[in-house]
Amino acid sequence: MVHHTMPSSSANASKASSTIQPMISRPLRVVLTTLIVGMLAACSTPPPPAPQRPSAGTPAPTAPVPGDTGPLPPPLAQGKSRWVPVHWSELPGFDSDALHEAWNAWIKGCERPAPAFAPLCAEVRRLSIASAEEQRAWMVARLQPYRIEAFDGRADGLLTGYYEPLMDAARLPGNGFNVPLYRLPASFERKPWYTRQQIETLPEAQAALAGRAIAWLRDPVDALVLHIQGSGRLRVTEPDGSQRLVRLAFAGTNDHPYQSVGRWLLDQGATRDATWPGIKAWIAANPQRVNELLWSNPRYVFFREEPLDGLDAAFGPKGAQGVALTPGRSIAVDRQSIPYGTPVWLASSGPQVQLARLVMAQDTGSAIVGAVRADFFTGWGPEAGDVAGRLKQGLRLWALWPK
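Note that the coordinates shown come from a computational prediction; the quantities given were computed from them, not determined experimentally. (Residues numbered from 1 in each chain as written. Predicted model: local features only at pLDDT ≥ 70, side-chain atom pairs only at ≥ 80, totals over all residues. Heavy atoms only, no water.)

**Digging into the pairing of strand 9 (residues 243-253)**
Operational definition: A pair of strands is considered paired only if DSSP assigns at least 2 bridges between the two. Put simply, DSSP H or I for four residues or longer makes a helix, DSSP E for two residues or longer makes a strand, and each gets a number counted from the N terminus.
Where strand 8 (residues 232-237) and strand 9 come together, six bridges link them in antiparallel fashion. By the bridge assignment, Gly232 is partnered in strand 9 with Leu248. In terms of strand pairing, strand 9 meets strand 10 (residues 301-307) through seven bridges, oriented antiparallel. Opposite Val246, over in strand 10, you have Pro307 as the bridge partner.

**So, the nonpolar core**
The line we're drawing: Nonpolar core, defined: a set of buried Ala, Val, Leu, Ile, Met, Phe, Trp, Tyr and Cys residues in which side-chain atoms within 4.5 Å join the residues together. Exposure categories follow from relative accessible area, calculated using a 1.4 Å probe and restricted to protein chains: below 20% of the type maximum is buried, above 50% is exposed, and the middle band is partly exposed.
Of all hydrophobic cores here, the largest spans 53 residues; its most connected members are Trp88, Trp103, Trp106, Met139, Leu346 and Leu358. If one sorts the elements of this core by residue count, strand 15 (residues 392-402) sits on top with six residues. In this structure, Met167, Leu226, Leu234 and Val246 belong to the second largest nonpolar core, which totals 34 residues.

**Quick word on unusual backbone geometry**
Of note in the backbone geometry, Asn175 takes a positive phi value of approximately 55° without being a glycine. Tracing the chain through its elements places Asn175 in the loop between strand 5 (166-170) and strand 6 (179-182). Positive phi, close to 65°, is recorded for Asp255, a residue that is not glycine. Mapped onto the fold, Asp255 is located in the loop between strand 9 and helix 9 (261-268). According to the relative accessible area criterion, Asp255 is partly exposed, its value standing at 25%.

**Comments concerning the state of the cysteines**
For the record, the criterion: Pairs of cysteine sulfur atoms within 2.5 Å are what we label disulfides.
Using the criterion set out here, one finds one disulfide in the structure. Linked covalently through their sulfurs, Cys110 and Cys121 form a disulfide whose S-S length is 2.2 Å. Disulfide Cys110 to Cys121: torsion about the S-S bond roughly -90°, handedness left-handed. Of this pair, Cys110 sits in the loop between helix 3 (99-109) and helix 4 (121-126) while Cys121 sits in helix 4, and the two are 11 residues apart along the sequence. Cys110 gets classed as buried once you look at its relative accessible area, which sits at 6%.

**Brief notes about the pairing of strand 4 (residues 157-164)**
Judged by how many residues are buried, strand 4 sits mostly within the fold: six of eight residues are covered. Note that strand 4 and strand 15 share four bridges and pair antiparallel. Counted as the bridge partner of Leu158 is Gly394 from strand 15. Note: strand 4 against strand 14 (residues 373-380), six bridges, orientation parallel. Counterpart to Leu158 in the pairing with strand 14 is Arg373.

**Concerning helix 8 (residues 220-229)**
What counts here: Polar contact is the term for a pair of N or O atoms within 3.5 Å; when the atoms are in protein, one must be able to donate a hydrogen and the other to accept it, and sequence-neighboring residues count only if both atoms are side-chain atoms.
Within helix 8, eight of the 10 residues are buried, leaving the element largely enclosed by the surrounding structure. Along helix 8, the residues classified as buried are Val221, Ala223, Leu224, Val225, Leu226, His227, Ile228 and Gln229. Regarding helix 8, its N-cap is Asp219, as a side-chain oxygen of that residue lies 2.9 Å from the backbone nitrogen of Val221 further along. One or two steps after helix 8, the chain reaches Gly230, where phi turns positive at roughly 90°.

**Examining the packing of aromatic side chains**
The geometry of an aromatic ring pair is captured by the separation of the ring centres together with the interplanar angle, meaning the angle of the planes. Applied cut-off: What counts as a ring pair is set by centres within 6.5 Å for rings of Phe, Tyr and Trp (its six-membered ring), and what kind of pair is set by the plane angle: stacked under 30 degrees, edge-to-face over 60, tilted for all other angles. Geometrically, a lysine NZ or arginine CZ counts as sitting over a ring once it is within 6 Å of the ring centre and also within 35 degrees of the ring normal.
Tallying each qualifying case throughout the model produces 15 aromatic pairs. Taken together through their ring pairs, the aromatic side chains of Phe188, Trp193, Tyr194, Tyr300 and Phe302 make up a single cluster. Lys108 extends its terminal NZ or CZ atom over the ring of Phe315, reaching a point 4.5 Å from the ring centre. The ring of Trp380 carries Arg233 above its face, with NZ or CZ at 3.9 Å from the centroid.

**What to know about the pattern of salt bridges**
Our working definition: The salt bridge definition used is simple: a Lys or Arg side-chain nitrogen within 4 Å of an Asp or Glu carboxyl oxygen.
Under the defined criterion, the tally for this structure stands at 21 salt bridges. Note that Glu305 is salt-bridged to Arg171, the shortest N-O span being 2.8 Å. Residue Glu305 is found in strand 10, and its partner Arg171 is found in the loop between strand 5 and strand 6; the two are separated by 134 residues along the sequence. In this structure Glu305 comes out as partly exposed when scored by relative accessible area, which is 28%. Note that Arg244 and Glu305 form a salt bridge whose closest N and O atoms lie 3.7 Å from each other. Separated by 61 residues along the polypeptide, Arg244 in strand 9 and Glu305 in strand 10 bring together distant segments of the chain.

**Concerning the environment of Gly70**
With respect to the helices and strands, the residue Gly70 is situated in the loop between helix 2 (29-41) and strand 1 (76-78). Note on Gly70: relative accessible area 42%, which makes it partly exposed.

Right, here's the structure in full:
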């Protein structure tokens, strides 16, 4: 189920990261000498661009990994989860993942690294021009994989998806564009403010938002999608007829709890399919009940407008870590289980995608709760939205922590 993703501060990320027990480094002279030679040889081969959506295919079993020997450290306790040390050969697809795609996300994470990973960032940046074999050798030398489990020993969890919607909008209302997307109210104070229904119906709420509209959409359901995702891209028609591509970034909420409209439909017995395609099918069959559906979620999101030019357009919005998300390589996690900025090995097999890959924990969300729980950033636009809206399948996670 698609859900709202809410940013938080980098201070929280640092605090979460500091709760992991530190590990003692091992000598790396031989490995690093090999890496330096390999990196110089690889300088002429730039990495291909990151994919815009996850690739399908059954991951091959991982072969024995060179250097993956010796005794394992003790388990670690991290907030809501237990981390159990394992050998690299336990990670599905470790010998076949296109690691350079994840390196783009890792380098982004090094713009605001967690304390435990800050000392590694110089090496991470240098390794962006290395081969996959050299990147793997460095990971084995520098990091220890831990299988993430709940305290009751369960290692299986849930993977869902989220994305950045792309919608047509107008700077001024009219010609069918009559659904506003608002900035924060001018005199906004953090407290339970008006509910979604009250914002759309009470004169005093409307007065507080007068002149605060960033742009206008045609469809109130599209506005709800933006509210749930927490950000989006708009193709805005300006008053002079020109068009601009801008990003709407999360600015705040009315402080009411998020309620899933899919859950509301299930509780009503109105549908058995709570994916976005199922919800849209119900809306098409019940247009007279759209407001009832929308108002079942009292949370309302306010935005701020950001430019979307050049390199910014090649990445997603900023996540809770404070860095831009990378399609197919950034995930949202429960920050009480996995600190922001942690490289994570993700394995998930289901009807939508087959995944066995390196990802980065760079975001969180109000519905992302639990030890083995992740939301997979699929990118932007309708194709990414289709994958995200249907993605709901099993999950296993391994945290990769500095030795």
